[in-house]
Structures are given as C-alpha cells and as structure tokens.
Amino acid sequence: MEKNTVTKIFSDMANLLLFQPPKELDPFVLDETEYDTEEKDNFSTTALQERSREMEFLLDYARGLQQFLNKAIKTLQNNPEFGVIETVKKDFEKIETQWTEIKEILLKNRSTDGMYNNSVVSTSLDGNEKILEAIYNLPINKDIVIRKISIGTQPRIQVMMVFMDGLIDKKVVNLSILEPLLFMQERKEKLEGEDLIGSIMEKCLPSGQATRISSFVEVQQGINTGDAILFFEGSDEAVAVEAKGYEHRSIGKPETEQSVRGSQNAFTEVLRVNTALIRTMLHASDLVTEMIPVGARGHSNCAVMYIKSIANKELVSEVKRRIKGIRVDFIADSGILEHFIVDDPRNPFPQTLSTERPDRMAVHLTEGRVGILVDGSPFGHIVPVSIFTLMHASDDFSLSLYYTNMLRIIRWFSAMLSLLLPALYLAISTFHQEAIPTDLLLSITAARAQVPFPTIIEILLMEISFELIREGGLRIPGILGSTIGIVGALILGQTAVTAKIVSPMMVIVIAVTGLASYSIPDYRLASAFRLFRFLFILLAMGMGLIGIACGLLALVAMISSMKSFGMPYLTPVAPKTVYGGDVVLRSPVYQQERRPDELNTKDSLRQETISRVWTRKNRRGREKDE
C-alpha cells in the first residue's frame with residue numbers, strides 16, 4: 001500500500017524513537033570452490049583426452065581432404081565440362097567449413113601454463129588475432145594494443161602490430177616501425193616475392209634488433225618483454241622488433257655494499273642495464289651472456305654470465321642445468337632463484353655471493369666464476385664461493401695491503417664475537433667463575449645483585465629486544481628511522497638498567513655482539529651467525545664451555561661437508577689447494593699470479609710471473625722492451 005503523508009510522518013517518528021539494527025549484507029567469505037579440486041585431480045586425464053580428441057579431428061580432416069582431392073582429380077579428368085567445376089567448388093566449401101570448425105576447437109586448447117605452446121603463426125591475420133584475444137583475454141584486458149595498417153601499393157599488404165602498452169617506447173614504435181612502413185606507400189614500392197619478411201626487415205625496419213619468429217611462444221615472450229610484434233597477411237612468420245621503453249630506476253649507489261673507494265654504481269631492476277654495467281667494467285669479447293627463461297606463467301629472463309676462455313665448462317653447464325630444471329610459476333627475485341639452485345637450501349649459510357656491485361661481479365668473472373642475474377632484481381649471484389670469499393669486502397683491493405689485512409682480522413674476530421660472546425659470558429659466569437679475575441667477578445656479582453632474573457633470562461631478553469629493534473628499524477618507514485634508534489637506545493641502555501631488569505655488563509655484552517655482527521660483509525652470513533648464536537647460548541646454558549666446544553665441533557663438521565656448486569665450502573684451507581694469495585689475508589696484487597685453484601679454470605694464470613716488468617728492468621739497468 002502506498003504511504004501517504006500521515007503514514008510517512010508516523011513511520012519517520014517510529015524510526016526515530018525505536019531502535020532498529022541496520023540491515024547488513026552477508027559478509028563475503030572466500031571459500032574453496034569444488035571445481036578447483038576436481039580440476040586439479042583430473043587435470044592430467046582431461047588434458048590427455050583433449051589432445052587425443054584434437055588428433056582425431058586432424059586425422060579425420062586429413063582423410064577427408066585426401067578423398068576430396070582424389071575425387072576432384074578424377075571428376076575433372078573424366079568430365080572436362082565447365083559445369084563440373086561447380087560440383088567441385090561445393091565439395092571444397094565443405095572441406096573449408098570443416099577446417100574452420102577444427103581451428104576453433106584448437107583455439108580453445110590451452111596448455112597447462114596458460115601458453116599456446118603448440119600454436120604457430122597463421123597466414124591469416126584474423127586467425128592470429130583470435131589466438132591473441134584468447135591468450136590475453138581481449139577486450140577485457142586493456143594493456144594489449146592491436147593496430148592494423150596497409151603497406152605497399154602493388155599489392156597492398158595488411159599488417160597487424162601488437163604490443164603491450166607501458167612496456168614499449170612510443171617514439172621507437174612511431175619513428176622506427178610505423179613511419180617507415182607507411183612511407184613505403186608513398187614511394188609506391190612493390191612488396192612481393194617469396195621472402196616478403198626479409199624484404200620488409202631489410203627496407204622498412206631500421207630498429208636496432210628485429211627477429212623472425214614463427215610460434216606463439218616466441219610471440220608471447222616478445223610481447224611480455226616489451227617487443228612490438230608484426231604479423232603480415234599471407235605469411236606464416238612474424239617479426240619481433242625491439243621497442244623496450246618501460247620506466248625503471250636510474251643507476252644509483254650501492255645500498256648494502258658501500259665502500260670508501262672504488263666504483264659507486266649499483267645494479268638496477270632492468271636485466272639489460274645490469275649486463276651492460278658489467279660490460280662497461282669488463283671489456284672482454286669472450287664474456288658470454290646466456291638468457292634462460294624461468295617461470296611457467298610469469299616468464300622471467302635469467303642471465304648467466306661467464307668468460308668462455310676462463311670458466312670451467314662443467315661449472316657453466318651445471319649452472320645452466322639447474323636453472324633450466326626449475327619448474328615454478330614465477331621468479332620474482334634472485335634470492336628466490338638461489339633457493340632453487342643451491343646444493344643445500346636448508347642450510348642457513350649462504351652458498352652464493354650476492355652482490356649489487358657490477359665491479360665486484362666483473363672481478364669474480366675474471367677469476368673464473370659464473371654470474372647469475374634475474375630480470376627485476378638489483379642483486380646478482382656469483383658461484384661457486386667459499387666462506388672466505390664471503391668475508392671479503394668490495395674495497396679490499398682498493399686500500400692499503402696492511403690496512404686491509406688488519407680489517408680482515410677484525411672481521412673474523414667480529415664474526416667469532418657475534419657467534420660466541422653471549423654464550424661465553426653465560427658459560428663463564430654460571431659454570432666457570434674461576435676463569436674470571438676476582439675483581440671482575442666481584443664487579444659482575446655486584447652489578448647483578450639486584451637483578452631478579454638468572455643470566456640466561458637476561459641474555460634472551462636482551463637478544464630478543466635487539467632483534468625486535470633491528471627488525472623494526474628495517475621495516476619502519478625511513479622518516480621514522482631515528483625514532484626506532486632513540487627507543488632502542490633507551491630500552492637497551494638506560495631504562496632496562498635503571499629498572500633492574502638487566503645488569504650493565506649484559507648491556508655491554510649484547511651491544512658489542514650486535515656491533516660485531518654488523519661488521520660481517522655479507523648480510524646472509526651475518527644472519528647465519530646470529531641464528532647459531534642462540535644455539536650456542538642454549539648449549540652454554542646446559543653444559544658450559546663443554547657445550548660450546550661440542551657446538552663448535554659440530555659446526556665445523558657441518559661447514560666442512562658443505563659444497564657450493566660442487567666446490568667445498570672451506571677451500572682452499574680444507575681441502576688444501578694451491579695458495580692464490582687471497583684467503584684470510586691477502587698478498588700484494590702484483591704477486592697474485594694464479595686464479596683460485598679450486599675453480600679448475602681453463603687458464604690458471606691471471607698475470608705474468610713478474611707483472612711489474614719495469615722493476616726488473618731497473619734492477620738490471622737495461623732498457624730493452626720485453
């Protein structure tokens with residue numbers, strides 16, 4: 001019944017005076033759909049059935065086509081009259097209709113990874129367009145641009161250009177592709193002959209790189225990486241023209257591997273920029289860059305770089321074999337790739353050298369190692385490595401020999417402090433008080449007199465607090481970075497001691513341990529030491545120094561059994577190899593004549609026996625050239 005003025009006023013008054021809960025929609029709940037499970041369980045069977053059905057269609061069509069040709073030949077030979085042609089034409093239309101139906105069925109066939117791996121470029125632009133619409137979900141997907149033009153005059157040829165908006169440089173597309181193609185029409189140039197694609201590539205495409213492609217796997221790889229794809233009516237090949245022009249971060253300074261001296265360039269997220277940065281450092285003609293696509297759905301290019309005349313052939317083959325053997329949807333970062341290719345991904349110690357410095361990667365390439373870069377990641381990996389390599393810094397060879405060796409000793413001492421200092425303090429203060437001088441013991445005892453917790457609780461409280469501050473400082477936005485430092489200093493320093501929660505000696509122990517962990521050059525190696533530190537604390541709590549000794553023995557045994565791409569983790573110390581002049585301490589650069597022996601490189605010498613030839617000349621007092 002329609003409400004009048006009186007009933008509306010009454011209704012409004014009732015709503016105002018009487019509470020009524022708001023009418024809410026049913027909340028959305030993301031639930032598991034039944035067909036997903038069924039599809040997963042029956043996927044292999046369904047795929048095989050689809051392939052079998054397609055094969056039957058193609059065989060039936062081939063038999064029908066053969067019968068049609070035999071019948072047409074006999075008919076035309078026995079009845080040369082003009083009226084017979086109409087009969088043959090009707091039979092041909094039936095065959096053509098059958099082929100159209102089969103093509104529609106094949107277009108619906110999608111492989112397991114969403115790619116049309118079995119499809120080849122058709123001679124028909126409409127057929128190619130239908131496949132592209134199916135692959136990229138057009139017209140729903142607005143990223144793909146399809147442009148059709150006509151080129152030439154005798155005859156006119158239909159051309160279809162496809163590219164991904166946002167990944168291409170529009171100037172390159174307009175000036176290097178579209179303008180030369182359309183300019184041919186004004187020149188009334190003929191485009192005909194058997195090699196139409198070659199003629200167009202030679203005369204009309206001045207772009208830097210143009211490649212013939214014939215399958216839709218290559219078409220998708222080109223479109224997804226910023227190429228413009230040209231299809232031609234009547235040709236079963238397409239042309240991928242390089243037109244990459246997406247936005248990316250400019251080359252900046254290294255954030256995690258800063259150095260006082262040396263290059264200040266760092267890798268970016270663009271793979272080609274990173275490979276070019278290495279080549280600007282290392283002008284070697286036999287520096288090889290191999291591209292390996294990784295990922296079934298999001299194809300990421302992975303670059304494997306090595307110097308062919310130096311790197312061990314088996315090492316390069318093993319690296320490529322492991323990368324090609326990855327079966328995953330998408331690789332977003334080089335750190336994820338590392339877990340797929342290292343020998344023991346469950347071991348916390350890093351088995352590759354991660355770097356964001358092109359100069360550092362170039363140096364290791366000249367030693368015979370292999371570099372791995374992933375598109376979209378500003379970090380590269382160097383393999384194989386030992387634990388001694390991970391303790392080296394990027395500017396070790398840019399500083400004085402003696403100063404560098406002193407810094408390296410400090411790093412190893414810091415690593416041991418980071419690993420053992422809290423455990424040693426706990427073991428000595430709890431089990432072996434006789435190892436502490438009497439005055440120091442009395443001082444520690446007096447400082448702990450009012451602390452209500454045992455030493456192990458003190459250590460765990462401080463360690464967990466330090467980890468919280470470190471993680472918070474890492475995740476907090478940069479503008480608030482100073483805040484976390486103030487809070488950390490107050491918690492770790494003054495407040496905890498004033499509140500009698502921890503003793504001043506414990507604050508000193510944890511602070512020194514934290515500073516020592518940050519002096520380790522490799523972040524992942526420092527994280528591994530930090531992780532094992534908690535294990536040593538537990539061992540010290542249970543057995544004192546004996547527990548620490550047992551833990552060290554087990555740790556050394558574990559590291560001794562590790563390998564990085566077939567190379568022992570403790571080389572050149574265990575197993576011992578030929579000394580190359582750069583292990584814990586380094587020798588002068590001019591005396592490092594051999595490459596690392598454990599890499600088994602093709603060329604073991606990196607420089608002549610006497611690299612400073614001018615000194616020998618001076619000593620001998622001769623001026624002849626050598």
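Scroll up to find the structure this text is about.
In this text, all values refer to a predicted model and were calculated from it rather than measured experimentally. (Residues numbered from 1 in each chain as written. Predicted model: local features only at pLDDT ≥ 70, side-chain atom pairs only at ≥ 80, totals over all residues. Heavy atoms only, no water.)

Q: How would you summarise the overall build of the chain if you had to cite specific residues and measurements?
A: Helix and strand counts for the chain stand at 21 helices and 12 strands. Taken across its 626 residues, the chain has 40% of its residues classed as buried. Considering only residue pairs separated by 6 or more positions, the chain has 65% of its internal contacts joining residues 24 or more positions apart. Per element, the accessible surface of the chain, about 36,000 Å² overall, is 59% carbon and sulfur. (Helix = DSSP H or I, 4+ residues; strand = E, 2+ residues; numbered from the N terminus. Buried < 20%, exposed > 50% of the residue type's maximum accessible area, 1.4 Å probe, protein only. Contact = heavy atoms within 4.5 Å. Areas by Shrake-Rupley, 256 points an atom, 1.4 Å probe, with all protein chains shown as cover.)

Q: Quick rundown of the environment of glutamine 258? Include the residues and the values.
A: The residue glutamine 258 is located in the loop between β5 (238-242) and α9 (271-281) in this model. Sequence separation between glutamine 258 and proline 521 is 263 residues, and the spatial gap between their C-alpha atoms is 9.9 Å.

Q: So what about the side chain of glutamate 463? Which residues, and what values?
A: Residue position: glutamate 463 is located in helix α16 (residues 455-475). At 2.8 Å, the side chain of glutamate 463 and the side chain of arginine 533 are in polar contact. Setting aside residues up to four positions removed in sequence, glutamate 463 forms contacts with Pro422, Ile510, Thr513, Arg533, Phe534 and Ile537. (Polar contact = N/O pair within 3.5 Å; in protein donor to acceptor, adjacent residues only side chain to side chain.)

Q: Before we move on, can you summarise the sheet that holds strand β9 (residues 370-374) with the specific residues and values?
A: The strands that make up a sheet are held in pairs by hydrogen bonds between backbone atoms, and each pair lies either parallel or antiparallel. Read from one edge of the open sheet, five strands run β6-β7-β9-β10-β8, paired in antiparallel fashion. The sheet is open, and its two edges are formed by β6 (287-294) and β8 (353-355), each paired on a single side. Neighbour-to-neighbour, the strand axes of the sheet open up by a mean angle of 25 degrees, direction not taken into account. Strand direction decides the pairing type here: β8 and strand β10 (residues 380-383), joined by three bridges, are antiparallel. Directly across from leucine 353, in β10, lies its bridge partner isoleucine 382. Contacting β6, β7 (300-307) and β9, α9 runs over the sheet at an angle of about 165 degrees to β6. (Pairing = 2+ DSSP bridges. Axes fitted to C-alpha atoms, helices over the stretch in contact; angles between N-to-C directions.)

Q: Tell me about the packing of helix α14 (residues 401-430) against helix α20 (residues 545-561), and please be specific about residues and values.
A: Where α14 meets α20, the axes come as close as 9 Å, and the angle between the chain directions of the two elements is 155 degrees. Here α14 lies roughly antiparallel to α20, going by the angle between them. On α20, the residues that touch Leu419, Leu420, Ala423, Leu424 and Ala427 of α14 are Leu545, Ile548, Leu552 and Leu555. Among the residues forming the contact of α14 with α20, the class breakdown is nine nonpolar, no polar and no charged. (Parallel < 35°, antiparallel > 145°, perpendicular 65-115°, else oblique. Nonpolar A, V, L, I, M, F, W, Y, C, P; charged D, E, K, R; others polar.)

Q: How would you explain the sheet that holds β5 if you had to name every residue and give the values?
A: The sheet built from five strands is open, its strands ordered β1-β2-β4-β5-β3 with antiparallel pairing. If you trace the sheet from one side to the other, it starts and ends with β1 (144-151) and β3 (210-213), each paired once. Averaged over all adjacent pairs, the angle separating strand axes in this sheet is 25 degrees, with direction ignored. As defined by bridge partners, β1 adjoins strand β2 (residues 157-164) across eight bridges and the pair is classed as antiparallel.

Q: Lay out the nonpolar core with the relevant residues and their values.
A: One finds Ile278, Leu287, Phe349, Leu365, Leu373 and Phe536 to be the most contacted residues of the largest nonpolar core, which totals 58 residues. It is helix α19 (residues 523-543) that contributes the most residues to this core, eight residues altogether. Discounting residues that sit within four places of it in the chain, leucine 365 has contacts with Ile278, Leu282, Leu287, Met305, Tyr306, Ile307, Val370 and Gly371. Counting residues in each nonpolar core, the second largest holds 23 residues, with Phe163, Leu178, Cys204 and Ala243 among its members. (Core = buried A, V, L, I, M, F, W, Y, C linked by side-chain atoms within 4.5 Å.)

Q: Could you give an account of unusual backbone geometry, with specific residues and numbers?
A: If a residue is not glycine, its phi is most likely negative; likewise, a peptide bond is most likely trans. Going from leucine 138 to proline 139, the amide bond is cis rather than trans, its omega being 5 degrees. Among the structural elements, proline 139 can be located in the loop between α5 (125-135) and β1. The omega torsion of the bond from alanine 574 to proline 575 falls at 0 degrees, within 30 degrees of zero and hence cis. Relative to the helices and strands, proline 575 resides in the loop between β12 (567-568) and α21 (613-620).

Q: Summarise α16; cite the residues concerned and give the values.
A: Owing to its 3.6 residues per turn, the α-helix brings residues three or four apart onto one side. With 21 residues, α16 extends 30 Å between its outermost C-alpha atoms, agreeing within 8% with the 30 Å of an ideal straight helix rising 1.5 Å per residue. Among the residues of α16, Thr455, Ile456, Glu458, Ile459, Met462, Glu463, Phe466, Glu467 and Arg470 are the ones counted as buried. Axial view of α16: buried residues confined to an arc of 160 degrees, hence all on one face. Exposed residues pointing more than 90 degrees away from the buried face of α16 are listed as Leu468 and Arg475. (Expected span 1.5 Å × (residues − 1). Arc of directions from axis to C-beta.)

Q: How would you sum up the pairing of β2? Please name residues and give values.
A: The element β2 is extensively covered by neighbouring structure, given that seven of its eight residues are classed as buried. Relative to strand β4 (residues 227-232), β2 runs antiparallel, the two being bridged by four bridges. Counted as the bridge partner of methionine 161 is leucine 230 from β4.

Q: Go over the pairing of β7 with me, naming the residues and quoting the values.
A: Most of β7 is tucked away: seven of the eight residues are buried. As paired strands, β6 and β7 are joined by eight bridges and run antiparallel to one another. Bridge pairing in β7 links glutamate 290 to valine 304. Remark: five residues form the turn of the hairpin made by β6 and β7, two consecutive strands paired antiparallel; glycine 295 in that turn has positive phi of roughly 105 degrees. Relative to β9, β7 runs antiparallel, the two being bridged by four bridges. Looking across to β9, one finds that alanine 303 is bridged to leucine 373.

Q: Could you give an account of the pattern of salt bridges, naming the residues involved and the relevant values?
A: Counted by the stated rule, this structure contains 24 salt bridges. Salt-bridge contacts for aspartate 396 lead to arginine 411; the nearest nitrogen and oxygen are separated by 3.0 Å. Within this pair, whereas aspartate 396 is found in the loop between α13 (387-390) and α14, its partner arginine 411 is found in helix α14, the two being separated by 15 residues in sequence. As far as the burial class goes, aspartate 396 and arginine 411 line up, both buried. Salt bridges here are not isolated pairs; linked through shared partners, they connect Glu318, Arg321, Arg322 and Asp343. (Salt bridge = Lys/Arg side-chain N within 4 Å of Asp/Glu carboxyl O.)

Q: A description of the environment of glycine 295 should follow, citing residues and the corresponding values.
A: Summarising the element assignment, glycine 295 is placed in the loop between β6 and β7. Along the primary structure glycine 295 and aspartate 329 are separated by 34 residues, whereas in three dimensions their C-alpha atoms are 4.7 Å apart.

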